[in-house]
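Residues per chain are reported as follows:
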Amino acid sequence: MSDLQDSPSSSSNLETISATPVVATAKDSPAKFYVVAPKKFFILFFVTLGLYTVAWSYQHWAHFKRATKDDDIWPGPRGLFSIFFIHSLGRMIEGTLKQKAIKQGWDSGPVATMFVIVYLGINVLDRMAARGIGSPITDILSLVLLPLLCNQLYSFQQAANGA
């Protein structure tokens, strides 16, 4: 046993092993955006009646902040006020897709604008229903608009999953 420890070949093997550089792989780097499976996305969105939008937006900004090490990004407010930051999130996703040379055929501008319009429409209908204006029709209309809001958000998610 002591012959093995004192032999020159065993010490050179140890030097070779310890001198080997460790290379980081893509799995070691954090995802730039929040990756969600379609089934999980739809379940969370519809079970929460769209409130998942806040958590979804927060997660995207938190992942982006971690990946870019940008301390100027505050994920909490960006999650709460997602209608003000959805366009910039779309541009970030598009930029990442272009950097990776991934052809998505997706334009975030119109999708984000439609998201904001539908989101505001649902909120107006909810406020009207809360005051008894047009109820129950306003309640039904806000529920009917949820799948359209989900569709816009899922379009973002598909692009983010690819980025």
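Predicted model, so just to flag it, every value in this text is computed and none were measured. (Residues numbered from 1 in each chain as written. Predicted model: local features only at pLDDT ≥ 70, side-chain atom pairs only at ≥ 80, totals over all residues. Heavy atoms only, no water.)

Asker: What is the right way to read the nonpolar core from this model?
Answerer: In globular proteins that are soluble, nonpolar side chains generally tend to be buried together. Counting 32 residues, the largest nonpolar core has Phe41, Trp56, Ile86, Ile93, Phe115, Leu149 and Phe156 as the members making the most contacts within it. Elements supplying a minimum of two residues to this core: helix 3 (38-47), helix 4 (52-68), helix 6 (82-99), helix 7 (108-130) and helix 8 (137-162). Broken down by element, the residue count for this core peaks at eight residues, all from helix 8. In this structure, isoleucine 86 is in contact with Trp56, Ala112, Phe115, Val116 and Phe156, ignoring residues within four places of it in sequence. (Core = buried A, V, L, I, M, F, W, Y, C linked by side-chain atoms within 4.5 Å. Buried < 20%, exposed > 50% of the residue type's maximum accessible area, 1.4 Å probe, protein only. Helix = DSSP H or I, 4+ residues; strand = E, 2+ residues; numbered from the N terminus. Contact = heavy atoms within 4.5 Å.)

Asker: Looking at this structure, how should I read the packing of helix 6 against helix 7?
Answerer: Any two packed helices are characterised by the angle at which their axes cross and by the distance between the axes. Packing of helix 6 against helix 7 brings their axes to within 9 Å, and their N-to-C directions diverge by 160°. As judged from the angle between their axes, helix 6 and helix 7 are roughly antiparallel. Handedness of the crossing formed by helix 6 with helix 7: right-handed. Contacts between helix 6 and helix 7 involve Ser82, Ile83, Ile86, His87, Gly90, Arg91 and Glu94 from the first element and Ser108, Gly109, Ala112, Thr113, Phe115, Val116, Tyr119 and Leu120 from the second. The residue makeup of the contact of helix 6 with helix 7, split by class, is seven nonpolar, six polar and two charged. (Axes fitted to C-alpha atoms, helices over the stretch in contact; angles between N-to-C directions. Parallel < 35°, antiparallel > 145°, perpendicular 65-115°, else oblique. Left-handed = near helix turned anticlockwise from the far one by under 90°. Nonpolar A, V, L, I, M, F, W, Y, C, P; charged D, E, K, R; others polar.)

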